[in-house]
Number of protein chains: 2
Amino acid sequence: MDLRQLNYFVAVYENGSISAAARACHVAQPSLSAALQQLEDELGAVLFIRQSRGVTPTEDGERLYGHAGRLLSQMQSLKASFRHSVKRVQFRLGLIRALGVERMSQLLREFSAGVEGLELHLVEPEDEADARIITPKMLKAGEQFLPIWTDHFLIALPAGHPLALKQSLQLEDFDGLALIKRTPCDAWSQFYPELIRNGIQPDIRADIHTIEYALGLVSAGVGVALVPDFDVLHERQDVVLRPLQDVTLQRTIGLAYPRSKAGQPALDWLRLLCQQQS
Amino acid sequence: MDLRQLNYFVAVYENGSISAAARACHVAQPSLSAALQQLEDELGAVLFIRQSRGVTPTEDGERLYGHAGRLLSQMQSLKASFRHSVKRVQFRLGLIRALGVERMSQLLREFSAGVEGLELHLVEPEDEADARIITPKMLKAGEQFLPIWTDHFLIALPAGHPLALKQSLQLEDFDGLALIKRTPCDAWSQFYPELIRNGIQPDIRADIHTIEYALGLVSAGVGVALVPDFDVLHERQDVVLRPLQDVTLQRTIGLAYPRSKAGQPALDWLRLLCQQQS
DNA sequence: GTAAATCCATAGGTAAAAGCTATAGCTGGT
DNA sequence: ACCAGCTATAGCTTTTACCTATGGATTTAC
């Protein structure tokens with residue numbers, strides 16, 4: 001019974017699934033399966049009941065979790081008590097605005113957790129930085145680009161909007177339509193000229209920067225907006241998402257970093273995290 | 001920082017020396033040195049001051065020990081709380097009598113500690129057993145023999161006995177000498193016939209079985225006795241040890257076990273312990 | 001009802017880590 | 001000065017943690 005196994009056990013417990021825990025721990029699923037098996041063999045107890053939809057803890061699993069959490073945190077604080085003079089690691093990360101609060105904050109949380117003594121400074125995407133999360137178009141000379149997410153764009157409509165009756169929208173539908181402009185946005189700079197080229201003139205009601213604001217305006221009935229297809233958006237009851245016919249809008253967001261800085265531990269860790277984003 | 005390293009750290013602390021801790025943990029000394037180094041690197045603190053005569057803990061070492069001990073014992077009790085229905089392992093060990101309480105009890109302590117749920121039954125050396133600690137002469141067919149200790153024999157004299165003035169004793173010195181017989185004993189069965197062959201007739205005052213009793217009688221002035229050369233005996237002020245000239249008496253004590261039972265975990269562990277006896 | 005997706009387990013191979021032996025350097029005791 | 005005992009280093013072997021790939025089982029989707 002070592003700390004590695006206990007850590008994995010806790011992760012499995014808290015994720016309710018071996019696969020999910022493996023993703024959270026950044027290891028392959030069989031590694032976790034094996035570690036869990038070892039732990040169970042050593043304790044002579046079954047800790048989880050394996051089901052096709054994840055695992056559920058047994059009574060022994062519950063009992064172990066109670067103690068394991070306490071033990072691990074004691075271990076952490078013991079280790080921390082020796083971290084008197086850890087060198088602070090400064091890291092400047094440039095961020096474009098419209099990339100989704102949810103997944104971004106999760107990425108940053110993991111980034112911070114993985115680097116001892118990290119001081120993370122978030123700056124504007126065009127500022128000088130150790131790394132930037134941007135679209136390929138913003139790349140500078142000497143920078144390496146590592147794709148993270150590819151988002152398709154949809155049209156967000158207020159619930160109850162007449163166009164919500166259609167399964168997908170055509171360009172013609174936008175003529176005179178109340179539209180919310182969101183910049184800077186790759187999709188917008190593809191989409192808007194396309195409208196103009198077709199002689200379609202929408203009614204632009206606002207120009208804002210973040211997806212969250214755009215959705216707020218949509219929900220308020222100000223107009224419709226072009227937004228990336230995040231999973232969380234589908235759960236909102238106040239907006240309806242519809243694909244565009246005829247034109248495919250998508251963008252890629254990735255990590256840009258100076259080739260010369262590869263090898264720096266914080267950056268390497270960030271690159272690893274980015275690679276593992278689905 | 002894993003439990004292995006913490007365990008080693010505690011062992012080093014409690015033994016006051018890396019080498020001694022390595023012996024206690026049944027690993028080679030460099031393994032411990034390396035683990036300790038890792039721990040110090042990770043914590044960024046020096047835990048022990050290395051001296052030529054062992055190590056002494058620093059302030060950080062003292063602090064870590066306070067917490068590490070508590071953590072490890074919590075870990076142990078957590079593990080123990082799952083050992084509800086461990087299969088009891090029965091083990092019958094045959095022991096000849098005269099092999100020295102000190103080293104024997106230490107061996108048995110380590111044996112018990114290393115086998116989960118061990119029920120150790122000590123039986124007479126000639127009884128049916130899973131293993132026996134005996135001299136090679138007592139070997140039965142189909143048994144493997146693994147030497148553990150080789151003892152040289154000395155003569156134990158009461159302090160102040162006239163023969164104590166000599167640095168070593170000759171056979172002639174035994175003519176008419178008050179002698180304590182200890183059987184069964186390999187050395188005795190070599191030595192006594194040798195005396196008779198030379199026409200020397202000692203005065204046998206007692207016949208007992210264990211070394212401790214023999215020494216008690218020597219100390220009481222009943223006579224002199226033939227005893228194996230244990231280190232602890234040299235520390236006694238009430239008896240004097242002298243080698244025998246002309247004749248070398250020694251015995252080998254070892255572990256005898258049925259070849260067929262090799263592979264059984266308890267026996268394998270015992271074999272390992274026996275191999276590591278100095 | 002079949003196909004796709006999801007989850008856990010197993011197999012086989014690779015690379016890191018922990019182990020061992022041998023040896024060098026250092027210090028205190030005979 | 002030499003010996004004995006301790007720690008550190010070097011070189012090598014064994015163990016083990018990890019990965020990819022795949023199979024079996026079950027739930028979800030169409």
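The model shown is predicted, which means the values in this text are computed figures rather than measured ones. (Residues numbered from 1 in each chain as written. Chains lettered and ligands numbered in written order. Predicted model: local features only at pLDDT ≥ 70, side-chain atom pairs only at ≥ 80, totals over all residues. Heavy atoms only, no water.)

A.B. asks: Describe the overall build of chain A, listing the residues and the values that go with them.
C.D. replies: Scanning chain A for helices and strands turns up 8 helices and 11 strands. In terms of overall dimensions, chain A is more spread out than a globule: its C-alpha atoms have a radius of gyration of 24 Å, far above the 19 Å expected for 278 residues. A buried classification covers 46% of the 278 residues belonging to chain A. For chain A, the proportion of contacts with a sequence separation of at least 24, taken over those separated by at least 6, is 73%. Taken as a whole, chain A presents about 13900 Å² of accessible surface, with 50% of it coming from carbon and sulfur. (Helix = DSSP H or I, 4+ residues; strand = E, 2+ residues; numbered from the N terminus. Rg over C-alpha atoms; globule rule 2.2 N^0.38 Å. Buried < 20%, exposed > 50% of the residue type's maximum accessible area, 1.4 Å probe, protein only. Contact = heavy atoms within 4.5 Å. Areas by Shrake-Rupley, 256 points an atom, 1.4 Å probe, with all protein chains shown as cover.)

A.B. asks: Before we move on, could you go through the domain arrangement of chain A and cite the residues and values that matter?
C.D. replies: As a measure of interface size, the accessible area lost when the parts come together is often cited. On domain assignment, one finds that chain A holds domain 1 (3-81), domain 2 (89-146 + 255-276) and domain 3 (149-251). Between domain 1 of chain A and domain 3 of chain A, the C-alpha centre-to-centre distance is 44 Å. (Domains from an automatic or database assignment.)

A.B. asks: How would you explain the relation of the copies chain A and chain B if you had to name every residue and give the values?
C.D. replies: The two copies are related by a screw motion: chain A maps onto chain B through a turn of 178 degrees and a shift of 0.6 Å along the axis, at an RMSD of 0.4 Å. Taken together, the rotation angle and the small translation identify this as a two-fold axis. A symmetric contact is evident, with 95% of the interface residues of chain A recurring at the interface of chain B. (Least-squares fit on C-alpha atoms with pLDDT ≥ 70 in both.)

A.B. asks: Residues and numbers for the packing of aromatic side chains, please.
C.D. replies: All names here are of chain A. Using the criterion set out here, one finds 12 aromatic pairs over all chains in the structure. Ring geometry for F91 against F111: centres 5.2 Å apart, planes inclined by 75 degrees, an arrangement best described as edge-to-face. One end of the pair, F91, is in strand β3 (residues 89-95); the other, F111, is in helix α5 (residues 101-114), with 20 residues separating them in the sequence. Both residues of the pair, F91 and F111, count as buried. (Phe/Tyr/Trp six-rings, centres within 6.5 Å; stacked < 30°, edge-to-face > 60°.)

A.B. asks: Which residues make up the pairing of strand β2 (residues 54-57) of chain A, and what are the values?
C.D. replies: Working note: regular strand, side chains alternate between the two faces of the sheet. All names here are of chain A. Across 4 bridges, strand β1 (residues 48-51) lies against β2 in antiparallel orientation. Bridging across to β2, Q51 finds its partner in G54. Between the end of β1 and the start of β2, which pair antiparallel, lie 2 residues. (Pairing = 2+ DSSP bridges.)

A.B. asks: Kindly report on the packing of helix α2 (residues 18-25) of chain A against helix α3 (residues 29-43) of chain A, identifying the contributing residues and their values.
C.D. replies: All names here are of chain A. One can describe the packing of α2 onto α3 by two numbers: an axis separation of 8 Å at closest approach and a directional angle of 110 degrees. When the interaxial angle is binned, α2 and α3 end up roughly perpendicular. At the point where α2 passes α3, the crossing takes the right-handed sense. Contacts between α2 and α3 involve I18, S19, A21 and A22 from the former and Q29, L32, S33 and L36 from the latter. Within the contact of α2 with α3, the residues separate by chemical class into 5 nonpolar, 3 polar and no charged. (Axes fitted to C-alpha atoms, helices over the stretch in contact; angles between N-to-C directions. Parallel < 35°, antiparallel > 145°, perpendicular 65-115°, else oblique. Left-handed = near helix turned anticlockwise from the far one by under 90°. Nonpolar A, V, L, I, M, F, W, Y, C, P; charged D, E, K, R; others polar.)

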